[in-house]
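Chain by chain, the residues run as shown.
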Amino acid sequence: MKKYIYIALFILLVALFVGILAGSQNEENVSQAQPNSLKNSLKSASQDIAWAANVQKHLKILNADLNGVSNATNNSDYTALAVYAEKIVNDTQNAIDENDQYTVSSKLQDAQKEWRAALQDYNSAGQSLLQGANEAKNGTIGAENFQKARTFRDSGTDHLKRASELAGIT
């Protein structure tokens, strides 16, 4: 599942860069006589590239968090699970805050919205996972919160897939 996410996101980033560069080249050719239009196109392409780099940065962070969750789960280490769940909550919130600072081109706005929705779902998954881990540390099963975490994770993955599709990656 994680491998699929990373492959899809890598393809998303490559397609974004290629699409941005191709789109800005086409816009440059059309707007040679319109310097302001060219400046706006370059600024938009610059924002798109910066946003894509930001997505890539946060995917690496999330990957590390998810690997920690996986290891803690495999070892039934609820203390470590709580630590990594809290990291997911904090890291996804940072990613949401940074995502909201970018004004991407119209062709990437829906992909950006889906990326944000994925981050929100992963944040909720982290919160539920944290509650379940704390319950498990205290001797209760925490099954309801673990199920909520799974549901939010699955929804986040669906949003991530849609973000890839909207960016031109199928």
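Our subject is the structure that appears above.
Residues numbered from 1 in each chain as written. Predicted model: local features only at pLDDT ≥ 70, side-chain atom pairs only at ≥ 80, totals over all residues. Heavy atoms only, no water.

The subject of this paragraph is the overall build of the protein. Counting secondary structure elements, the protein contains 5 helices and 0 strands. Reading the helices (α) and strands (β) of the protein from amino to carboxyl end gives α-α-α-α-α. Looking at the protein as a whole, 40% of its 170 residues qualify as buried. Long-range contacts, defined as pairs at least 24 residues apart, comprise 76% of the intrachain contacts of the protein with a sequence gap of at least 6. Summing over all exposed atoms, the protein offers an accessible surface of approximately 9,300 Å²; the carbon and sulfur share of this is 52%. (Helix = DSSP H or I, 4+ residues; strand = E, 2+ residues; numbered from the N terminus. Buried < 20%, exposed > 50% of the residue type's maximum accessible area, 1.4 Å probe, protein only. Contact = heavy atoms within 4.5 Å. Areas by Shrake-Rupley, 256 points an atom, 1.4 Å probe, with all protein chains shown as cover.)

Time to look at the nonpolar core. Within the largest apolar cluster, 15 residues are counted, with the highest numbers of intra-cluster contacts made by Trp51, Val55, Leu108, Trp115, Leu119, Tyr122 and Leu160. Contributing elements (two or more residues each) for this core: α2 (35–74), α3 (78–99) and α4 (106–137). With 6 residues, α4 is the single largest residue contributor to this core. If you look at the next biggest cluster of nonpolar residues, it comprises 13 residues, including Ala72, Leu130, Ala136 and Phe146. (Core = buried A, V, L, I, M, F, W, Y, C linked by side-chain atoms within 4.5 Å.)

Turning our attention to α4. Between its first and last C-alpha atoms α4 spans 47 Å; for 32 residues at 1.5 Å apiece the expected length is 46 Å, and the two agree. Two residues or fewer after α4 comes Gly139, characterised by a positive phi angle close to 100°. (Expected span 1.5 Å × (residues − 1).)

All right, on to the pattern of salt bridges then. For side chains bearing opposite charge, pairing can occur when the charged atoms are close. Summed over all chains, the structure comprises 5 salt bridges. Of the charged contacts in the structure, one is a salt bridge between Arg162 and Glu114, with a shortest N-O distance of 3.3 Å. Taken together, the residues span a long stretch of sequence, with Arg162 in helix α5 (residues 143–166) and Glu114 in helix α4 at a distance of 48 residues. Overall, Arg162 belongs to the partly exposed group, its relative accessible area being 36%. Of the residues examined, Glu114 reaches a relative accessible area of 16% and is grouped as buried. (Salt bridge = Lys/Arg side-chain N within 4 Å of Asp/Glu carboxyl O.)

Relative to the assigned elements, Lys57 resides in helix α2. Sequence separation between Lys57 and Ala95 is 38 residues, and the spatial gap between their C-alpha atoms is 9.1 Å.

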